[in-house]
Amino acid sequence: MQQIVDEIAEEMMNLEDKGEVAHYIPQLAKIDPNQFAISVALTNGEIYQAGCADKLFSIQSISKVFTLTLALGKLGDSIWQRVGREPSGDPFNSIVQLEHEHGKPRNPFINAGAITIADLIMQGHEPKEVLAEIIQFMRYIADDDSIAIDEKVAKSELETGARNASLAYFMSSFGHFENPVEEVLGTYFHHCSIAMNSTQLAKAGLFLANNGVNPITGYTVVSAQRAKRINALMLTCGHYDGSGEFAFRVGLPGKSGVGGGILAVAPGNASIGVWSPGLDAIGNSKLGTKALELLAYKTGWSVFGK
């Protein structure tokens, strides 16, 4: 496995087209696109990494996997009254479907859906309390107390988040929100600004690869059935309107973020964290996607067969 990740890292760094960084978030626009990291955490506890696997990056929308997990733990299947489970087919920040579907987001991984999940997990609490709970959960599943929010990125998102604010206020106009919109947005922007490296990310996703149990710590995070269903949503909705293409090329449940990270899950085998800040036209990591396609090919881990 070490040879595989080394070969992938070398091949990725030799590619000329590394995509474009997310210019619309000023703090992310400053990042050098000539970086790549890959970490593979096997369900037997072994971890393999290559590239700049210790470099922290903003996980952005990957955090939505973990807030969804928290929401399911708090509220169970009642959350599906507020958010759907279908692929969107539209960009992650689109408002079009919200109008047609009366303010109910298509799935929990588009921005509108994740903002709704933030409202659900707040349950009337202050944003600071909720964010402390989210960070505590991230540290618990990754077995790493150093995980924290990048306040510079959070500030940058707050200052440039007009589109997300419009989504939130539009949903609120249908009477769906239980908490003040500004507080929900603050919670959302901050949990998207959690900073992790690829190894921490791979470790955090291990429970999804191991029937809901983190094999390193032995902690049961969710039931096996819930892990399966979160994986299903990641496969169908985890890459926005590029989810079908990702399933076609990689064949693994995955969740991307505009910070350039991708969390992928090979059920029964491994959790994989990749990072390269250059994005493709849809907003997914260009090298990260290529690397996962290569990894799935070399390992035979695609859920659709070897």
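See the structure shown above.
All figures in this text were calculated on a predicted structure; none of them were measured in a lab.

Let's shift gears to the overall build of the chain. If you tally the helices and strands in the chain, you get 14 helices and eight strands. Its C-alpha atoms give the chain a radius of gyration of 18 Å, near enough to 19 Å, the size a compact globule of 306 residues would have. Considering only C-alpha atoms, the chain reaches an extent of 55 × 40 × 35 Å along its principal axes. In the chain, which comprises 306 residues, the proportion classed as buried is 58%. Look at the contacts in the chain between residues 6 or more apart in sequence, and 69% of them connect residues 24 or more apart. With an accessible surface of roughly 12400 Å², the chain has 50% of that area assigned to carbon and sulfur atoms. Of the charged side chains in the chain, 24 are positive and 33 negative; the average position of the first set lies 3 Å away from that of the second.

In this section: helix H14 (residues 286-299). Helix length check: H14 (14 residues) gives 20 Å between terminal C-alpha atoms against 20 Å at 1.5 Å per residue, within 8%. For H14, every residue scored as buried is listed here: Leu287, Gly288, Thr289, Ala291, Leu292, Leu294, Leu295, Ala296 and Thr299. Turning to H14, the residues buried within the fold contact helix H1 (2-13), strand E1 (37-42), helix H13 (243-249), strand E7 (261-266) and strand E8 (270-275). Among the residues trailing H14, Gly300 stands out with phi positive, at a value near 75 degrees.

If you walk across this open sheet you meet the five strands as E2-E1-E8-E7-E6, and the pairing is antiparallel. Among the strands making up the open sheet, the edge pair consists of strand E2 (47-51) and strand E6 (254-256). On average, each strand axis in the sheet is inclined to that of its neighbour by 10 degrees, with strand direction left out of account. The strands touched by H1 are E1 and E2; relative to E2, the strand with the most contacts, the crossing angle is about 20 degrees.

This part is about the pairing of E7. On a regular strand, one side chain projects to one face of the sheet and the next to the other, so that they alternate. Most of E7 is tucked away: six of the six residues are buried. Side chains Gly261, Leu263 and Val265 project from E7 onto one buried face, and the interleaved Ile262, Ala264 and Ala266 project onto a second face that is buried too. When E6 meets E7, the two strands line up antiparallel, connected through three bridges. Paired with Gly254 across the two strands is Ala264, which belongs to E7. Where E6 folds back onto E7 in an antiparallel hairpin, the turn is made up of four residues, including Gly260, whose phi is positive at roughly 100 degrees. Of the pairings in the sheet, the one linking E7 to E8 comprises six bridges and is antiparallel in character. Bridge assignment links Leu263 to a residue of E8, and that residue is Gly273. The turn joining E7 and E8, which pair antiparallel and follow one another in sequence, is formed by three residues; a positive phi near 85 degrees is taken by Gly268.

A few words on the side chain of Asn231. Residue placement: Asn231 occurs in helix H12 (residues 224-237). For Asn231, a relative accessible area of 7% translates into the label buried.

The biggest cluster of nonpolar side chains holds 62 residues, and the ones touching the most others in it are Phe66 and Ile194. Setting aside its immediate chain neighbours within four residues, Ile194 contacts Phe57, Ser58, Ile59, Ile134, Ile135, Met138, Ile147, Ala148 and Ile149. Judged by nonpolar contacts, the second largest core, of 27 residues, contains Phe246, Val274, Leu287 and Trp301.

A separate point is the environment of Lys203. Positionally, Lys203 belongs in helix H10 (residues 198-204). The buried category is assigned to Lys203, whose relative accessible area is 17%. Taking the C-alpha atoms as reference points, Lys203 and Glu86, 117 residues apart in sequence, are found 27 Å from one another. Not counting chain neighbours up to four residues away, the residues in contact with Lys203 comprise Ala41, Ile47, Ile141, Ala142, Asp143, Asn214 and Ile216.

Scanning the entire structure with this criterion turns up five aromatic pairs. Ring centres of Phe57 and Trp275 lie 5.2 Å apart, and the angle between their planes is 5 degrees; this geometry places the pair in the stacked category. Linking Phe57 in strand E3 (residues 57-58) with Trp275 in strand E8, this pair joins segments that are 218 residues apart in sequence. When sorted by exposure, Phe57 lands in the same class as Trp275, which is buried. Consider the rings of Tyr140 and Tyr219, whose centres lie 4.9 Å apart with planes at 20 degrees: the pair is stacked. Of this pair, Tyr140 sits in helix H6 (residues 127-142) while Tyr219 is found in the loop between helix H11 (206-209) and H12, placing the two residues 79 residues apart along the sequence.

Glancing now at the packing of helix H3 (residues 63-75) against H12. Axis separation between H3 and H12 bottoms out at 11 Å; the angle between their running directions is 140 degrees. Here H12 runs oblique to H3, going by the angle between their axes. Between H3 and H12 lies a crossing of right-handed hand. Contacts between H3 and H12 involve Val65, Leu68, Thr69, Leu72 and Gly73 from the first element and Arg226, Ile230, Leu233 and Met234 from the second. Partitioned by chemical class, the residues of the contact of H3 with H12 number six nonpolar, two polar and one charged.

Relative to the assigned elements, Ile117 resides in helix H5 (residues 111-122). Taking the C-alpha atoms as reference, Ile117 lies 6.6 Å from Leu68; in sequence the two are 49 residues apart.

So, how was this worked out
- Residues numbered from 1 in each chain as written.
- Predicted model: local features only at pLDDT ≥ 70, side-chain atom pairs only at ≥ 80, totals over all residues.
- Heavy atoms only, no water.
- Helix = DSSP H or I, 4+ residues; strand = E, 2+ residues; numbered from the N terminus.
- Rg over C-alpha atoms; globule rule 2.2 N^0.38 Å.
- Buried < 20%, exposed > 50% of the residue type's maximum accessible area, 1.4 Å probe, protein only.
- Contact = heavy atoms within 4.5 Å.
- Areas by Shrake-Rupley, 256 points an atom, 1.4 Å probe, with all protein chains shown as cover.
- Lys, Arg positive; Asp, Glu negative; His and termini not counted.
- Charge placed at Lys NZ, Arg CZ, Asp CG, Glu CD.
- Expected span 1.5 Å × (residues − 1).
- Pairing = 2+ DSSP bridges.
- Axes fitted to C-alpha atoms, helices over the stretch in contact; angles between N-to-C directions.
- Core = buried A, V, L, I, M, F, W, Y, C linked by side-chain atoms within 4.5 Å.
- Phe/Tyr/Trp six-rings, centres within 6.5 Å; stacked < 30°, edge-to-face > 60°.
- Parallel < 35°, antiparallel > 145°, perpendicular 65-115°, else oblique.
- Left-handed = near helix turned anticlockwise from the far one by under 90°.
- Nonpolar A, V, L, I, M, F, W, Y, C, P; charged D, E, K, R; others polar.

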